[in-house]
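Letter by letter, the chains look like this.
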Amino acid sequence: MNFFIFLVLFSFGFCLVLTWGCILFFRHFKIGQSIREEGPKSHAVKAGTPTMGGAAIVISMIASCLIFFDFDGRFYSLIFLILGFAAIGFLDDLLSVLHGKNTGLLPWQKMGLQIVVAITFGSYLLLLGHETSVSGVLRWLRFDLGWLYLPLITFMIVGFSNAANLTDGLDGLLSGCMVFSFGAFFVIAAFAGNSNIASFCLLAMASLCAFLFFNFNPAKIFMGDAGSLALGAALCGVAIILHKELLLLLIGGVYIAEVLSVVIQAAYFKMTGKRILRMSPLHHHFELGGSSEIKVVRSFWAVSFMLALAASVIR
């Protein structure tokens, strides 16, 4: 127990220092976030806030694990997945900064790279003997997909990474929700006897809490695609390794709602020329409805916590 407490404190402190260093570095070189023009007008004051801070989370949680634990091939495949999506996000962030606009990689470029990384991750898992069954609800529900398994998990990884990216639209929103999501998988992995994944989830939570210290409103640094894409992929990767693919739909309910709000808004506008929501993603709808940014974030945190608690009970 004392060792795990030490690990949590180490990861928290490591990420705290890394994030603080990122803030100083990006401020010195004037590397800041560009705010999309069609976003809420109240967000204009956030322009220039240091971004790409998610790199500190990724470095902290992976380095902490590699320093203190010996892991199997499945965990190293998870590291590849996280670093792959972090690299894609970092490149997207870097291009956005260089262009001075909230645009980086073209959509087809980003999607293509994500698919390649996800397929590589899934293929390696299958080579290691990972079963092609899907599970995650009430333990007894389990069915084999055969050759359909790889396309499914590829779709899940790409979908959840981009859903997490869409959720990262308010100060502290994604980082706070991810604490609860990884917390649920920590409980699930611990009860399943998978100490490797349980340890990873615990250190991810510690790193996220440290980052949240600087990311909560008013944010001193943004996560950027480097963090949001990597965290979404990491969460999905953990669910796949634990064979809790179906339970991820419950744990990630907030992220799914965010991406569905964008899809529904776009489809409805294309068909009718009208909007269902004031603005998508969903968090902007509530924000433009008169709720303060902090209130919206805390409400989403509460929902994420309840979903994580329910998943921990079901497991």
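Residues numbered from 1 in each chain as written. Predicted model: local features only at pLDDT ≥ 70, side-chain atom pairs only at ≥ 80, totals over all residues. Heavy atoms only, no water.

## Quick notes on the overall build of the chain
Applicable threshold: Elements are defined by DSSP. Helices are runs of H or I of four residues or more, strands are runs of E of two residues or more, and each kind is numbered from the N terminus. Both definitions apply: the radius of gyration is a C-alpha atom measure, and the globule rule equals 2.2 Å times residues to the power 0.38. Throughout, exposure labels follow a simple rule: accessible area from a 1.4 Å probe, protein chains only, divided by the maximum for the residue type, with under 20% read as buried, over 50% as exposed, and the rest as partly exposed. Contacts are residue-level and defined by heavy atoms, with any inter-residue pair within 4.5 Å sufficient. Reported accessibility uses the Shrake-Rupley method at a 1.4 Å probe radius. Residues are deemed covered only where the shown protein chains occlude them. Two residue types count as positive, namely Lys and Arg, and two as negative, namely Asp and Glu; His and chain ends fall outside the count. By convention, charge coordinates are those of NZ in Lys, CZ in Arg, CG in Asp, or CD in Glu.
Each helix and strand in the chain was counted, giving 12 helices and 2 strands. Each helix (α) and strand (β) of the chain, taken in turn from the N terminus, gives the series α-α-α-α-β-β-α-α-α-α-α-α-α-α. Relative to the 2.2 N^0.38 estimate, which gives 20 Å for 315 residues, the radius of gyration of the chain is 19 Å and therefore close to what a compact globule would have. Referenced to the eigenvectors of the C-alpha coordinate spread, the extents of the chain come out at roughly 50 × 50 × 35 Å. Counting all 315 residues of the chain, 51% fall into the buried class. Contacts in the chain between residues at least 24 apart in sequence constitute 76% of all its contacts with a sequence separation of at least 6. Summed over its atoms, the accessible surface of the chain is roughly 14,200 Å², and 71% of this surface lies on carbon and sulfur atoms. Positive and negative side-chain charges of the chain, numbering 19 and 15 respectively, have mean locations separated by a distance of 8 Å.

## Some remarks on the pattern of salt bridges
For clarity, the cut-off: In what follows, salt bridge is the name for a side-chain nitrogen of Lys or Arg lying within 4 Å of a carboxyl oxygen of Asp or Glu.
Counted by the stated rule, this structure contains 2 salt bridges. Residues Lys 110 and Asp 225 are paired through a salt bridge, measuring 3.3 Å at the closest nitrogen-oxygen approach. Taken together, the positions of Lys 110 in helix α4 (residues 107–127) and Asp 225 in helix α8 (residues 224–241) put the pair 115 residues apart, joining distant regions of the chain. Judged by relative accessible area, Lys 110 falls into the buried class, the value being 15%. Each of Asp 92, Lys 110 and Asp 225 takes part in salt bridges that share partners, so that together they form one network.

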